Amino acid sequence: MPFLWAGLYDKTLLDIHQSNVTLIGQGRVVITGSDEAGYMLPCVENGRTCLKKSINTTVYDVFMGGQYLLPARFPDKTFPMTSNEDWKESFIGANGTIRIHDIQQNFPELSDGYYVGIHGGFKTDQNTNLSSWYSITLPIKGIDKQGSICVNAEKASSGFLGKYGRGNGLGYIIGAKAVLDVPGEWYSDGKEVILIPPRGKNGNYELRTRLYGAVIAGNRVRLENIRFKGATALVEGDDVSFVKCLFEYISPFRHVPNVDSINKRGQSLASCWGEPGNGTAGVFVKGDRFVSKNCRFSKSWWCGMTIRGNNALVENCLFEDINWMAKRSAGLFSWGNGNLVRHCTLRNLGGAGIEGGNAAWVGQYAKDNIWEYNYIENVCQLITDQGFFYVNHQTGLKRKANSIWRYNIGKGARGPAKGNWTGPSVGYYIDNSSSGYQVYNNIVIDANEAIRYNDTEDGCKAGRDIWFYNNTFYKCDSIKYASWNKSGKSKRDAEIMLINNLAILEERLDFFERKKELRWRNNFQSQFVSVVINPEKMNFSPTTNMLKFGGIPVMGQSISYIGAVDPKRGMWRYGVDESLLPEF
């Protein structure tokens, strides 16, 4: 059995085309997409003492030992990457120019880099609220005489522009030489790399010049106890397994121009979700029967992992600090058929936790999937219109998914900390007349909307076979049964059932206000937390006989209780067992 011995493999690509291969790391084995920079010349840029090195390649990331250096940015990053609290107020005018507070004063010679921002969505009103599904990125050309940023609108990457993106927003500048001004930042134009050393630290610098650390085309390949730093993986073979592997700094910052000219909102697979060709799809799995067990996926500008293949198993894995780009990304894209995702934790995410696909934009949605016993915490930190779970068939004419969400716990879906937002942050989100989902025995905590179903098609195109039953909603504001397609929707006729659900509220309101439009039976709401044992300590077992014995049958099942927790069984184990994961 081949082994990789402890060490840093900075010039190694695991390019495995053979089948029946097992590689096990002995000790601390690190595969990196970086090379040591070697000697760097002292120099001065923007009045700062810097180091530079001539190169002739794209630099994706820069490290000093274990420290990640941020691409040059204004404003300087003072909050976690999944927070927008230090983004500047900005404004996009009718001609596509952008104003950012203090920009002319600080950077009069700005001529490169990118603008990244969130703006107002669908209206031309300059004061429209923030409601973007994803950020817009734009190449910067310079600053005009009025102090506005001039951008190349033809090379926009997703987001809204023109009549879809005028008005106030939040954003920042990244990757421009002029904004290189604080210790721990770097800049590269593909010809040289310049950095300001971190304050009070010395060490060797590493330049990430490769996107992938492993490309696996063979079948029945197993990687175990291997760490990938600043490098992702491409899995094309079948029956591939990752066991106790670590992926850190997975996808770098990438500006990917939208190439879909017919899509006037600039929404495409490449520029919103990510694709393997440019390293934005995270760990990308194309093959069938993939297994990821006891693995850690951490820190990515785009998504953590994309599964296009079928019959995958993702078990006891951790996904955290993902989607710094604020794109239509998730911690985990589970798009293939027959996948099982269980006992995973997903936390601190710019967008969604787990996405089950989108029939239009990615051309795939998950059928016969089971997502169970997962813990999802703090989603929608940079964008909205997503949630703990999200899926979109676009029409009820598509085949029923026959997928199940059960025994999951989600906590924290309130949206970004900064800005006046109108887009929803949701627990369980079934969009645009999608069909064939059972959502049961889940707990939703502290979400704007515990569940949302968008009913956008009439008649045979309406969604069908949607079951929300025996769930518990705690400190959530509402459920939503919505129809944004007002011009083409004459009645709300989706087949949605709400049965045996429990809402525990902090104040008096009619949580089930949509019950007249839904097939609503035997749901209960309480203003008193005493109806369950201790929700603050995650024990939602019922205390009252009304909940213990008040349930009614669902789908032929004899269910005696209301809410997510069967009193005979009690609370279940959820989320990842971190003791089984590789350490950083």
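**Considering the nonpolar core**
In this structure, L14, L223, I226, F242 and M305 are the most contacted members of the largest nonpolar core, which totals 71 residues. The biggest single contributor to this core is strand β3 (residues 21-32), with four residues. Once residues within four sequence positions are removed from consideration, L14 is found in contact with L4, L23, I31, G213, A214, V215, L223, I226 and F228. I499, L547, I552 and Y561 belong to the second-largest nonpolar core, a separate cluster that totals 28 residues.

**Considerations on unusual backbone geometry**
Residue F74 is joined to P75 through a cis peptide bond whose omega torsion reads 0°. Within the secondary structure, P75 is located in the loop between β9 (73-74) and β10 (88-92). Not every positive phi belongs to a glycine, and K475 is a case in point at roughly 55°. Relative to the helices and strands, K475 resides in the loop between β46 (472-474) and β47 (478-482).

**A word on the pairing of strand β16 (residues 185-188)**
Alternating positions in β16 separate into two faces, E185 and Y187 on one and W186 and S188 on the other, with burial throughout. As judged from the two bridges shared by strand β8 (residues 67-71) and β16, these two strands associate in the parallel manner. From the neighbouring strand, P71 faces β16, where its bridge partner is W186. Judged from the three bridges that link them, β16 and strand β17 (residues 192-195) form a sheet pairing that is antiparallel. Among the inter-strand pairings, W186 is bridged to a residue of β17, identified as L195. Linkage of β16 to β17, two consecutive antiparallel strands, is achieved through a turn of three residues, within which G190 is found at a positive phi near 90°.

**Here's the deal with the layout of surface pockets**
Of the voids in this model, the second largest pocket is the one considered here, and its volume is about 460 Å³. T58, V59, Y114, S188 and F253 are the residues nearest the centre of the second largest pocket, which is lined by 18 residues in total. For the lining of the second largest pocket, the element with the highest residue contribution is β16, accounting for three residues. Its residues assigned to classes, the lining of the second largest pocket comprises nine nonpolar, six polar and three charged.

**Quick look at the side chain of E185**
For E185, the position within the fold is in strand β16. Here E185 sits buried without a salt bridge, and the closest side chain of opposite charge, R73, lies 6.9 Å off (N-O distance). Among the polar contacts made by the side chain of E185, one reaches the main-chain amide nitrogen of R73 at a distance of 3.4 Å. Contact partners of E185, with chain neighbours within four places excluded, come to L70, P71, A72, R73, D76, V179, L180, I194, L195 and I196.

**Looking at the pattern of salt bridges**
Evaluated as defined, the whole model comprises 24 salt bridges. Ionic pairing is found between E320 and R347, a salt bridge with its closest N-O pair at 2.9 Å. Of this pair, E320 sits in strand β30 (residues 318-322) while R347 sits in strand β33 (residues 345-349); the two residues are 27 residues apart in sequence, bridging distant segments of the chain. Here E320 matches R347 in class, with each residue buried. Each of K293, E315, R342, E372 and R406 takes part in salt bridges that share partners, so that together they form one network.

**Digging into the environment of G459**
With respect to the secondary-structure elements, G459 resides in the loop between β44 (449-454) and β45 (466-469). Each C-alpha atom, one on G459 and one on E109, is 58 Å from the other, the two residues being 350 residues apart in sequence.

**A short note on the packing of aromatic side chains**
In the structure shown here, the tally under the stated rule is 31 aromatic pairs. Summarising the aromatic geometry, the rings of Y249 and W324 are spaced 6.5 Å apart at their centres and angled 70° between planes, so their arrangement reads as edge-to-face. With Y249 in the loop between β24 (246-248) and α2 (269-273) and W324 in the loop between β30 and β31 (330-334), this pair connects stretches of sequence that are 75 residues apart. Considered together, Y249 and W324 belong to a single accessibility category, that of buried residues. Members of the aromatic cluster, joined through ring pairs, are F63, Y68, Y114, Y249, F253, W301 and W324. Stacked on the ring of Y172, the Lys or Arg R73 has its end atom at 3.8 Å from the ring centre.

**Considering the state of the cysteines**
A complete count under the given rule lists zero disulfides for this structure. Looking at C50, it has no disulfide partner, and the nearest cysteine sulfur is the one in C43, 4.9 Å off. C295 supplies the cysteine sulfur nearest to C317, a cysteine that is in no disulfide, at a spacing of 4.7 Å.

Cut-offs used in this document
- Residues numbered from 1 in each chain as written.
- Predicted model: local features only at pLDDT ≥ 70, side-chain atom pairs only at ≥ 80, totals over all residues.
- Heavy atoms only, no water.
- Core = buried A, V, L, I, M, F, W, Y, C linked by side-chain atoms within 4.5 Å.
- Buried < 20%, exposed > 50% of the residue type's maximum accessible area, 1.4 Å probe, protein only.
- Helix = DSSP H or I, 4+ residues; strand = E, 2+ residues; numbered from the N terminus.
- Contact = heavy atoms within 4.5 Å.
- Pairing = 2+ DSSP bridges.
- 1 Å grid on protein atoms, 1.4 Å probe; cavity = no way out; pocket = protein on both sides within 12 Å on 5 of 7 lines; lining within 4 Å.
- Points joined across faces, edges and corners; volume = space filled by probe spheres on them.
- Nonpolar A, V, L, I, M, F, W, Y, C, P; charged D, E, K, R; others polar.
- Lys, Arg positive; Asp, Glu negative; His and termini not counted.
- Salt bridge = Lys/Arg side-chain N within 4 Å of Asp/Glu carboxyl O.
- Polar contact = N/O pair within 3.5 Å; in protein donor to acceptor, adjacent residues only side chain to side chain.
- Phe/Tyr/Trp six-rings, centres within 6.5 Å; stacked < 30°, edge-to-face > 60°.
- Lys NZ or Arg CZ within 6 Å of the ring centre and 35° of its normal.
- Disulfide = S-S within 2.5 Å.

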